[in-house]
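Survey of secondary and tertiary structure
Here is what each chain is made of, one letter per residue.
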Amino acid sequence: MAELLSDAVAVVTGGSSGVGREIALQFASHGADVVIADIQSDPRTGGTPTHEKINTETDQQADYVESDVTDKSSLESAVDVAETFGPLSVMVNNAGMFRSEDVLTLSESDYDQLMDLNVKGVFFGSQVAGERMRSTGTEGCIINLSSVAGLQGSGEHASYCTAKGGVRLFTYALADALGSDGIRVNALHPGFVETAMTTEDVPVVGTDSEQQYNALVPLGRLAQPEDVANCAVFLASELASYVTGESLLVDGGLINCG
Ligand SMILES: NC(=O)c1ccc[n+]([C@@H]2O[C@H](COP(=O)([O-])OP(=O)(O)OC[C@H]3O[C@@H](n4cnc5c(N)ncnc54)[C@H](O)[C@@H]3O)[C@@H](O)[C@H]2O)c1
């Protein structure tokens, strides 16, 4: 049987850790060559760098390019390396940050840091990918990581909600702008996922918050990175050839029936 992503060439921002790492690994297991665009190659939770794992454990090619998504030129460099594998066909704008804050006292610099990473980084990644796909005539796809926080407000995470809501609407706008090029653009909206983001940055895993959260989720648990990566594989594949401008919830039922 043909692999779901054979001949695909992908760039995954923030692909060294967490959700992005699992997306990159699953893309490779389904036949894609992958470039990791991240500020560090070591996974935040330890282990073998993603690109090394792909190169040693699969038949696919992978590389790492030190890239800060707030710097458009470093994303261009990541795509340049990806194009040594073939025309870029999948861009995953995954890098992001999460924090708790007091909305009324949040400093301008903290606001700018989160917006630059979570919104401008997605915008830049999409610009670079869209331009390359258009110039090579590649009917590829762009996948943006939003969140349930892009659909529902949370008082302790106002800037994050602002950013992820922005990513959701940007995804719809970009899907409209690039549809005539055959380029599909979709967003993933996970609930809490067990990564360094929820074990270290805003500890949820192993706390009372996890139990309270799980009580609201029909499936009764946090997501694992694999749960999100499976959906990214679907969106990147021909199985989703008529899916664009979509917000795919990966939240165990939280938003619609929690
Ligand atoms: N973990 C969750 O509960 C959760 C829930 C919903 C949505 N998300 C979203 O999923 C995405 C991935 O989250 P995660 O939990 O895997 O996070 P993570 O912190 O585990 O991994 C983030 C990765 O992004 C990289 N990164 C940070 N700043 C960067 C920059 N400027 N340029 C390039 N790379 C950078 C980090 O080095 C790291 O490898 C984020 O957009 C996040 O908002 C996560």
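These lines cover the structure that appears in this document, whether it is placed above or below. Not measured: the values here are computed from a predicted model. Along every chain, residues carry numbers that run from 1 in the direction the sequence is written. In view of the model being predicted, local features appear only for residues whose pLDDT reaches at least 70, and side-chain atom pairs are presented and counted only at 80 or more, with totals across whole chains, interfaces and linings using the full set of residues.

In this section: the overall build of the protein chain. Within the protein chain, the regular secondary structure consists of nine helices and seven strands. Throughout, the radius of gyration refers to the C-alpha atoms, and the reference size of a globule is 2.2 Å times the residue count to the power 0.38. Relative to the globule expectation of 18 Å for 258 residues, the C-alpha radius of gyration of the protein chain, 17 Å, shows essentially globular dimensions. Over its C-alpha atoms, taken along the principal directions, the protein chain stretches across nearly 45 × 35 × 35 Å. Taking all 258 residues of the protein chain together, the buried fraction comes to 48%. For the purpose of contact definition, each residue receives a C-beta atom placed from its backbone, and two residues are in contact when these atoms lie within 7 Å. In the protein chain, once contacts between residues fewer than 6 apart in sequence are set aside, the share between residues at least 24 apart is 74%. Helix and strand labels come from DSSP, where a helix needs a run of H or I of at least four residues and a strand needs a run of E of at least two; each type is numbered from the N terminus. Whether a residue is buried, exposed or partly exposed is read from the other C-beta atoms within 10 Å of its own C-beta, which are placed from the backbone; 20 or more gives buried, 12 or fewer gives exposed, and intermediate counts give partly exposed.

By definition, a residue lies near a molecule or strand provided its backbone-derived C-beta atom is within 6 Å of it. In the region of the ligand, 29 residues are neighbours, and G14, S17, G18, G96 and T195 sit closest. For the shell around the ligand, the secondary structure elements donating two or more residues are α1 (18-29) and α6 (196-201). In the shell around the ligand, the residues fall into twelve nonpolar, 14 polar and three charged. As a working rule, the residues Ala, Val, Leu, Ile, Met, Phe, Trp, Tyr, Cys and Pro are called nonpolar, Asp, Glu, Lys and Arg charged, and the rest polar, with Gly in that last group.

Bringing the pairing of strand β1 (residues 9-13) into the picture now. For a regular strand, side chains alternate in direction, first toward one face of the sheet and then toward the other. The buried fraction of β1 is high, at five of five residues. Here β1 shows no split at all, with V9, V11 and T13 on one side and A10 and V12 on the other all buried. Here a strand pair is declared whenever DSSP counts at least two bridges between the two strands. As judged from the five bridges shared by β1 and strand β2 (residues 33-38), these two strands associate in the parallel manner. Directly across from T13, in β2, lies its bridge partner A37. The handedness of a crossover follows from its direction of travel: if, with the strands pointing away from the viewer, the path from the first strand over the helix to the second runs clockwise, the crossover is right-handed. Each parallel crossover has a hand, and for β1 linked through α1 to β2 it is right-handed. Looking at chain direction, β1 and strand β4 (residues 90-93) are connected through three bridges and run parallel. Bridging from a neighbouring strand, V11 pairs with M91 of β4.

Attention now goes to unusual backbone geometry. Of note, the phi angle at D7 is positive, near 75°, even though the residue is not glycine. Note that D7 resides in the segment before β1.

Moving on to the pairing of β4. Taking every second residue as pointing to the same face, both faces of β4 are buried, with V90 and V92 on one and M91 and N93 on the other. Of the strand pairs in this sheet, β4 and strand β5 (residues 141-145) are connected by four bridges, and their pairing is parallel. Bridging from a neighbouring strand, M91 pairs with I142 of β5. As a crossover connection, the stretch from β4 through helix α4 (residues 108-136) into β5 is right-handed.

Quick look at the environment of K53 now. Mapped onto the elements of the fold, K53 is located in helix α2 (residues 50-57). When the 17 C-beta atoms within 10 Å are taken as the criterion, K53 is described as partly exposed. Beyond its immediate sequence surroundings of up to four residues, K53 is in contact with L25 and T48.

Attention now moves to the nonpolar core. By definition, a nonpolar core groups buried Ala, Val, Leu, Ile, Met, Phe, Trp, Tyr and Cys residues that are joined through C-beta atoms within 7 Å. Core analysis: the biggest nonpolar cluster contains 73 residues, and A10, V11, F27, V34, A232 and A236 have the highest contact counts within it. Ranked by residue count, the leading element in this core is α4, at eight residues. V34 has contacts with A10, V12, A24, F27, A28, I54, Q60 and A62, leaving out every residue within four places of it along the chain.

Remember that the coordinates give geometry; whether it matters functionally is a separate question.
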